[in-house]
Amino acid sequence: MKKIFLIIAFALTAAFADSEGIFVDVELLSGTHQRAKFLGIENDTVSLGGYIQNKFTVVKIAKKQFKKIIDEHGNDLLNGSPQTIPSSSSVASSSTTALSSATIAKTDTVEIPKQDSVTTEKKVQQPHKTVLIAYTTEGVTQSIADQFTALTARILMESGENLQIMRKSDIQNCDDNICIQSELASHGFKSIYLGEIVSNIKTDSLTLNLTHAFYEDSLPMLHRASVNVSRESAFSDAITNNKLKNQLLDAQGKETIKTKKDRSYIHIETDPDGATISRVDDEAICKSPCTFVTTDTAKFTVHAYWNVDRHLWGASTNIIPLPGDTVHVSLKLKRVAPEIRILTFPEGANIYKANSPITKRSKAIAQTPDKFPAYNMGTDSLLIRKAGYRDTLVSFFVAPVSQIDLSIDLEKLTNFDEIEKQKKWLHDKKMQTLGEAFIGGAAGTILIGSLMMYFAHLDYDDADEIKKDLKIPGAVKGKNYQDKVKKNKKLVDQGDNKAIAGGILLGTGAALLGVGLYFYF
């Protein structure tokens, strides 16, 4: 890497017109030889100067990369005393960064020496804490990636970052971003930027992804920002309306710069009119037909729904905003019957509505895996509970689609107090369920007992009617008279049996009710 860098960086230094520094012959550990201007050594960093595209540029390379630095008198400056960079108006006026594909290497940021009328000293440079990993590409030429790296580096340096630029290939034994972040963090870097450019063939655009890992403690705080630019005019589009700067601010977790041109207008009409327009992060924006404003630049989803007496009509569409312009959308609503399908791992968890605390009397609306209809659009929440696992609160957006899938991995309980608390709830729940069973049984028993007592009363009434007939004067020994006597006796016996059975059932029901109430409360 250093070999390629020096060959390109000092190809134009054959005839220096400026008196800055002294000419030296440089030899790197890789065996590369080069003639350049020596500006000094400070903090184990060697400063060399040269002209790139007719601009005097200062390049800083770690001292350990050099084998020797010999001046015109044959002196070895590498092991000599550290030098300070002499002042010169040519250096102050020249560009200190002309980043291109030639300068994407392990170079330090350039600091312009402060001019003084009597003497000039180079500002003491602090150890590097920020690094920008050059943009990687997917379907994009490397030169475009290098130029975006240069633009990003310039904005970072203008914001005061003490920046160092590297490629992923400079981090040995690392193939992914996590490894790169950990490796750089172990070397003292607190702020790490990783760039990526992805080509979007369908929209003929480029997506710039910038990931920022900031280390305050041992774990990083991660921010990821993306911006889309036109493929044909990528660079002009990137700097228009502060797109690239806003991407950096977003990656740093800071508030972006808002301008009127950033606003997009979305006009929505529906058939029929009067539908509620919503986004996932906003339950109700307006009623169609309507127009709303957004500052989003990336694609998002809009839902339209019309709900009457649990009959739902709805439609959804994806929208790509046009900054400074209006997107017109027309939606035809169709009959939909949304269902929420819940899977848990493991299965067999109870599902409760999350609008109130769960008690032993709370009723589960379903048990996983299961699905149930949704009638109200917007944000909703459910609580998942299973013995031996931590309660899980699930929040989701109910959209006008046929099915909403929710998949939840349950976490095992390990805390002793939480386990005991759940065991007590389960015990109380079982007792309450048992009490409900006893109360239900008591209600059935009392009902049957009451029916038996009622039937006994009917038998007694019939027996009384027959008894009245027997009091009428007639042939006592006649056949008709004797039949009535037998029937009267039979009805009395039946009534007695039914009354006894009814009384027993009523007593049993009362006992069951008492036990049930005891368990329930």
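Residues numbered from 1 in each chain as written. Predicted model: local features only at pLDDT ≥ 70, side-chain atom pairs only at ≥ 80, totals over all residues. Heavy atoms only, no water.

K.L.:
What am I meant to see in helix α3 (residues 142–158) here?
P.N.:
End to end, α3 covers 24 Å across 17 residues, agreeing with the expected 24 Å (1.5 Å per residue, within 8%). Every buried residue belonging to α3 is among Ala 145, Asp 146, Phe 148, Thr 149, Ala 150, Thr 152, Ala 153, Ile 155, Leu 156 and Met 157, and all of these are buried. Immediately downstream of α3, the backbone of Gly 160 shows phi near 100°, a positive value. (Helix = DSSP H or I, 4+ residues; strand = E, 2+ residues; numbered from the N terminus. Expected span 1.5 Å × (residues − 1). Buried < 20%, exposed > 50% of the residue type's maximum accessible area, 1.4 Å probe, protein only.)

K.L.:
What exactly am I supposed to notice about the pattern of salt bridges here?
P.N.:
Close approach of charged atoms lets side chains of opposite charge pair. Here the structure, examined in full by the defined rule, presents twelve salt bridges. Here Asp 380 ties to Lys 353 by a salt bridge, and the two come within 3.1 Å at their closest N and O atoms. In this pair, Asp 380 is assigned in strand β24 (residues 378–385) and Lys 353 in strand β21 (residues 350–353), connecting sequence segments 27 residues apart. The residue Lys 489 makes a salt bridge to Asp 493 at a minimum N-O spacing of 3.3 Å. (Salt bridge = Lys/Arg side-chain N within 4 Å of Asp/Glu carboxyl O.)

K.L.:
I'm lost on unusual backbone geometry in this one. Help?
P.N.:
When glycine is set aside, most residues are seen to have a negative phi, and most peptide bonds are trans. Note that the residue after Ser 288, namely Pro 289, is joined by a cis bond; omega there is -5°. Tracing the backbone through its elements, the reader meets Pro 289 in the loop between β14 (282–287) and β15 (290–294). The omega torsion across Phe 345 and Pro 346 is 5°, close enough to zero to call that bond cis. Examined against the element boundaries, Pro 346 turns out to sit in the loop between β20 (339–345) and β21.

K.L.:
I tried to follow the pairing of β24 on my own but got confused; where do I start?
P.N.:
Regular strands have side chains that alternate between both faces of the sheet. Where β21 meets β24, four bridges bridge the pair, whose relative direction is antiparallel. The residue bridging Asn 350 from the neighbouring strand is Arg 385, located in β24. Pairing of β24 with strand β25 (residues 392–398) involves seven bridges; the strand directions are antiparallel. Directly across from Leu 383, in β25, lies its bridge partner Leu 393. (Pairing = 2+ DSSP bridges.)

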